[in-house]
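So the chains spell out like this:
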Amino acid sequence: MENKLKVQIWSDIMCPFCYIGKRRIEEALSLFEHKNAVEIEWKSYQLDPSFVASKEDNMVTHLADKYGKGIDWAQGMLDNMTQNAKTAGLDFHFEKAVLANSFDAHRLLHLAKKHSLSDELEELLFKAYLTEGKDINDKGTLKELGISVGLNPKSIDEVLSTDAFSDDVKKDISTAQEIGVQGVPFFVFDNKYAVSGAQPATAFLETLEKVWQEGKFDSKVKLINTTQGDSCGIDGCD
């Protein structure tokens, strides 16, 4: 196979299942014989592009208000998500989470992509939001995270003080709509097969092996393995 097997992942920093999905695709890759020939490309997606948070917002009340449910129901949902994350080796702390719009974070991720650092930054952004309780809409926080993965401070400032990469983020979201993405994480394997949700690592591994063995790639995406995966959509996380 002359070209790398490309896996495109549509994801939002605000999506807990996207972090879990990242761990599971990583587990699958660790078991894949041809892992060194796989290229991961992160794609932007926003669960709620218009979201504006207030200082009084927290995850429990936000979920309760969004679904018209009680506080106990919302807390139970978050507790279940936290336990789910533990199966992927992740430690979620929703009680610390600072609700924020992820648009600027996605713009910074496109800068990181230019320097082949998007996977590293994606990891730190997920950790910052879901584990450490950092504000991923705060420019100081974004700059700190960008520097920590090796981005140039001046380049970060230029991005965060302008609308740089805004069109790139919107293009990713538009492409997602065109191929029928209704929730994230959403994985496309060499434009041939798509897997929706944070599937078990075995499902990702099977897809990697299937694509590799077939060797020839179609331009039309076929959706497979959609029944077991967990994902987040505009109406919430399932």
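Residues numbered from 1 in each chain as written. Predicted model: local features only at pLDDT ≥ 70, side-chain atom pairs only at ≥ 80, totals over all residues. Heavy atoms only, no water.

Visitor: An account of the overall build of the chain is needed here, citing residue identities and associated values.
Guide: Within the chain, the secondary structure is distributed over nine helices and eight strands. By the compact-globule yardstick of 18 Å for 238 residues, the chain fits well, its C-alpha radius of gyration being 18 Å. Structurally, the chain occupies a C-alpha span of about 55 × 45 × 30 Å along its principal axes. Of all 238 residues assigned to the chain, the portion counted as buried reaches 49%. Put simply, of all contacts in the chain between residues at least 6 apart along the chain, 77% involve residues at least 24 apart. For the chain, the computed accessible surface area is about 11800 Å², with 46% contributed by carbon and sulfur atoms. (Helix = DSSP H or I, 4+ residues; strand = E, 2+ residues; numbered from the N terminus. Rg over C-alpha atoms; globule rule 2.2 N^0.38 Å. Buried < 20%, exposed > 50% of the residue type's maximum accessible area, 1.4 Å probe, protein only. Contact = heavy atoms within 4.5 Å. Areas by Shrake-Rupley, 256 points an atom, 1.4 Å probe, with all protein chains shown as cover.)

Visitor: Outline the pattern of salt bridges, supporting the account with residue identities and numerical values.
Guide: Counted under the stated rule, the structure contains 17 salt bridges. Asp104 is the salt-bridge partner of Lys139, the closest N and O atoms lying 3.5 Å from each other. Taken together, the residues span a long stretch of sequence, with Lys139 in helix 6 (residues 139-148) and Asp104 in helix 4 (residues 103-114) at a distance of 35 residues. Asp104 sits in the buried class, given a relative accessible area of 12%. Among the salt bridges present, the one from Lys134 reaches Glu132, with a minimum N-O distance of 3.5 Å. (Salt bridge = Lys/Arg side-chain N within 4 Å of Asp/Glu carboxyl O.)

Visitor: Please provide a residue-by-residue account of the pairing of strand 5 (residues 193-196), values included.
Guide: The side-chain alternation of strand 5 yields two buried faces, one formed by Tyr193 and Val195 and the other by Ala194 and Ser196. Where strand 4 (residues 186-189) lies against strand 5, four bridges are found, and the strand directions are antiparallel. The residue bridging Phe186 from the neighbouring strand is Ser196, located in strand 5. Here strand 4 hands over to strand 5 after three residues, with Asp190 in that stretch at a positive phi of 45°. (Pairing = 2+ DSSP bridges.)

Visitor: Quick rundown of the packing of aromatic side chains? Include the residues and the values.
Guide: All told, the structure shown has seven aromatic pairs when counted by the stated rule. Ring centres of Tyr67 and Trp73 lie 5.3 Å apart, and the angle between their planes is 65°; this geometry places the pair in the edge-to-face category. Among the aromatic side chains, those forming a connected cluster through ring pairs are Tyr19, Trp42, Phe92, Phe94 and Phe126. (Phe/Tyr/Trp six-rings, centres within 6.5 Å; stacked < 30°, edge-to-face > 60°.)

Visitor: Describe the packing of helix 4 against helix 6, naming the residues involved and giving the relevant values.
Guide: Two numbers describe how helix 4 lies on helix 6: the axes approach to 11 Å, and their chain directions differ by 25°. By the angle between their directions, the pair helix 4 and helix 6 is classed as roughly parallel. Pair helix 4 / helix 6 crosses with right-handed handedness. Of the residues in helix 6, those in contact with Asp104, Ala105 and Leu108 of helix 4 are Lys139, Leu142 and Gly146. Residue classes in the contact of helix 4 with helix 6 are distributed as three nonpolar, one polar and two charged. (Axes fitted to C-alpha atoms, helices over the stretch in contact; angles between N-to-C directions. Parallel < 35°, antiparallel > 145°, perpendicular 65-115°, else oblique. Left-handed = near helix turned anticlockwise from the far one by under 90°. Nonpolar A, V, L, I, M, F, W, Y, C, P; charged D, E, K, R; others polar.)

Visitor: I'd like a description of the side chain of Thr141, backed by residues and values.
Guide: Following the sequence through the fold, Thr141 ends up in helix 6. Judged by relative accessible area, which is 12%, Thr141 ranks as buried. Excluding anything up to four places from it in sequence, Thr141 contacts Lys134 and Asp135.

Visitor: Go over the environment of Tyr19, please, and point to the residues and values.
Guide: Summarising the element assignment, Tyr19 is placed in helix 1 (residues 16-31). Along the backbone, Tyr19 and Glu122 are 103 residues apart, and their C-alpha atoms lie at a distance of 9.0 Å. A distance of 2.7 Å separates the side chain of Tyr19 from the side chain of Glu123, its partner in a polar contact. (Polar contact = N/O pair within 3.5 Å; in protein donor to acceptor, adjacent residues only side chain to side chain.)

Visitor: I'd like a rundown of unusual backbone geometry, residues and numbers included.
Guide: Look at the link from Val184 to Pro185: it is a cis peptide, with omega at 5°. With respect to the helices, strands and loops of the structure, Pro185 is situated in the loop between strand 3 (183-184) and strand 4. Although it is not a glycine, Ser116 adopts a positive phi angle of roughly 55°. Judged by its relative accessible area of 63%, Ser116 is exposed. Residues other than glycine seldom take positive phi values, yet Phe165 does so here, at roughly 70°. Relative to the elements of secondary structure, Phe165 occurs in the loop between helix 7 (153-160) and helix 8 (166-178).

Visitor: I'd like to hear about the pairing of strand 2 (residues 38-44), residue by residue, with values.
Guide: Most of strand 2 is tucked away, with five of its seven residues classed as buried. Pairing analysis gives seven bridges linking strand 1 (residues 5-11) to strand 2, with the strands arranged parallel. Opposite Lys6, over in strand 2, you have Glu39 as the bridge partner. Taken together, strand 1, helix 1 and strand 2 form a β-α-β motif whose crossover is right-handed. (Right-handed = clockwise from strand over helix to strand, strands pointing away.)

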